[in-house]
Structure formats: C-alpha cells, structure tokens
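# Geometric and topological summary
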Amino acid sequence: MNFDLLRIIDMNGEEIFNYKYSPLRNHMQGYKIFASKYNIPLSFTSNESSALGLISRGYISMEFLRTPFEILGCILYLPIELTNEQIEYVDRYIPYLKRFERDRKVLAVGIYSPEPLYYNNKKYRDLTIEASMNNLLVSDMLKEELEKQKGKSL
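What comes next is a walk through the structure. (Residues numbered from 1 in each chain as written. Predicted model: local features only at pLDDT ≥ 70, side-chain atom pairs only at ≥ 80, totals over all residues. Heavy atoms only, no water.)

A separate point is unusual backbone geometry. Positioned with a positive phi, Asn39 is a non-glycine residue whose angle comes to about 55 degrees. Looking at where Asn39 falls in the secondary structure, it is placed in the loop between α1 (27–38) and α2 (47–55). Given a relative accessible area of 69%, Asn39 falls into the exposed group. The backbone of Arg104 sits at a positive phi, close to 60 degrees, despite the residue not being glycine. Within the secondary structure, Arg104 sits in the loop between α3 (84–102) and β5 (106–112). Given the relative accessible area of 78%, Arg104 is considered exposed. (Helix = DSSP H or I, 4+ residues; strand = E, 2+ residues; numbered from the N terminus. Buried < 20%, exposed > 50% of the residue type's maximum accessible area, 1.4 Å probe, protein only.)

The buried fraction of α2 amounts to seven of the nine residues, a majority that puts the element mostly inside the structure. Among the residues of α2, those classed as buried are Ser49, Ser50, Ala51, Leu52, Gly53, Leu54 and Ile55. Tucked into the core, α2 has its buried residues touching β1 (4–9), α1, β3 (60–66), β4 (71–78), β5 and β6 (124–126). (Contact = heavy atoms within 4.5 Å.)

Another aspect to go through is the packing of α3 against helix α5 (residues 138–149). One way to put it is that α3 packs onto α5 with a least axis distance of 9 Å and a crossing angle of 165 degrees. With respect to α5, the axis of α3 lies roughly antiparallel. Considering how the two elements wind past one another, α3 and α5 form a crossing that is left-handed. Residue-level inspection shows Ile87, Val90, Asp91, Ile94, Leu97, Lys98 and Glu101 of α3 in contact with α5, the latter providing Val138, Ser139, Asp140, Leu142, Lys143, Leu146 and Gln149. For the contact of α3 with α5, a count of residues per class yields seven nonpolar, two polar and five charged. (Axes fitted to C-alpha atoms, helices over the stretch in contact; angles between N-to-C directions. Parallel < 35°, antiparallel > 145°, perpendicular 65-115°, else oblique. Left-handed = near helix turned anticlockwise from the far one by under 90°. Nonpolar A, V, L, I, M, F, W, Y, C, P; charged D, E, K, R; others polar.)

Take the packing of α1 against α2 next. Direction vectors running N to C along α1 and α2 enclose 35 degrees, while the axes themselves pass 9 Å from each other. As α1 runs across α2, the sense of the crossing is left-handed. The segment α1 lies against α2, with His27, Met28, Tyr31 and Phe34 engaging Asn47, Ser50, Ala51 and Leu54.

For any pair of aromatic rings, geometry is given as the distance between the ring centres together with the angle between the planes. Scanning the model with the defined rule gives eight aromatic pairs in all. Ring geometry for Phe17 and Tyr19: centres 6.2 Å apart, planes at 10 degrees, overall stacked. Look at Phe17 and you get buried, because its relative accessible area is 7%. Residue Tyr19 is classed as buried on the basis of its relative accessible area of 7%. Between the aromatic rings of Tyr118 and Tyr119, the centroid separation amounts to 5.3 Å while the plane-to-plane angle is 85 degrees, which identifies the pairing as edge-to-face. An aromatic cluster is defined as three or more aromatic residues linked by ring pairs; in this entry it consists of Phe17, Tyr19, Phe34, Tyr38 and Tyr59. The cationic tip of Arg25 hangs over the ring face of Tyr19; the distance from NZ or CZ to the ring centre is 4.5 Å. Positioned above the aromatic ring of Phe44, the side-chain terminus of Lys32 is 5.8 Å from the ring centre. (Phe/Tyr/Trp six-rings, centres within 6.5 Å; stacked < 30°, edge-to-face > 60°. Lys NZ or Arg CZ within 6 Å of the ring centre and 35° of its normal.)

Rendered as structure tokens:
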C-alpha cells in the first residue's frame, strides 16, 4: 500500500475517493471532503460515525493509521452485504491485512448492522471482538465473512 490515509470504495469495487497522507491531515478532513464532493450527508462527530454513514449506504471505508514513515494499521468498515466486486476488492487485500496481524499492527474490521449489537452497543459487528472470542485472527474472520457472502451478494 502507498501513502493513503483514507480510501472509499463504491458498490462497483472501485476506489472513488483516495485521501493521501500528509502530517497535518486527518481522517475526518477526508470524510468531509468526500461528503461534500458526492453530496452525501454524514455525521462528523467522529471518524466512526462518518464511516457508519458510508457503510449504511453500501460503501467501504478504509482508514489507515500511519506516521510519515510507516503504516501502523488499518480500520476497515464494510456494508452489511457486499457486492461481488467489493468482495473481490477486499479479498485482494487479505494477505496484506494478515501481515498487519503478524507484525502486531492494528487491524480492526467493522461490518454494518442496522441495530446496535449486544457486545459492543454499536451499529456494526466488530470482527476484532468476534475473532478474540473465537481464538481466531481478524483476517481469518474477514476471509470467512467474504466466503459466506460470495455467490449471494448483490
């Protein structure tokens, strides 16, 4: 991966927004620019609320946690149902995301839920928590989720 700070992927599996990293930029600025450019109303109370607004509309949000010299992790937010093209997009990154875990970097995955869940009180499944409860890697849980959705996607 390169110097991205935020990527947004549409239902066709296309990166329609890419916000490059620089030391003075943050994810929220990227969300605001995206929302303005595409005329999508989002909540800007937190990165999480902006991402939830996107995934509830079928977009994928990838936030990269980084310094000027390295990527420290990735927070991946997914819609409840992925299209085949989105599945292919995410599947291409599984080996890279697996490396994050191997290198003890942050990897968090949230999958939209219309109602708050009992274990996190948020409107997304948290694969980090679910993986921990099942003694699995987050990347393995993500791979399982993609496999479940293949063939029955939009």
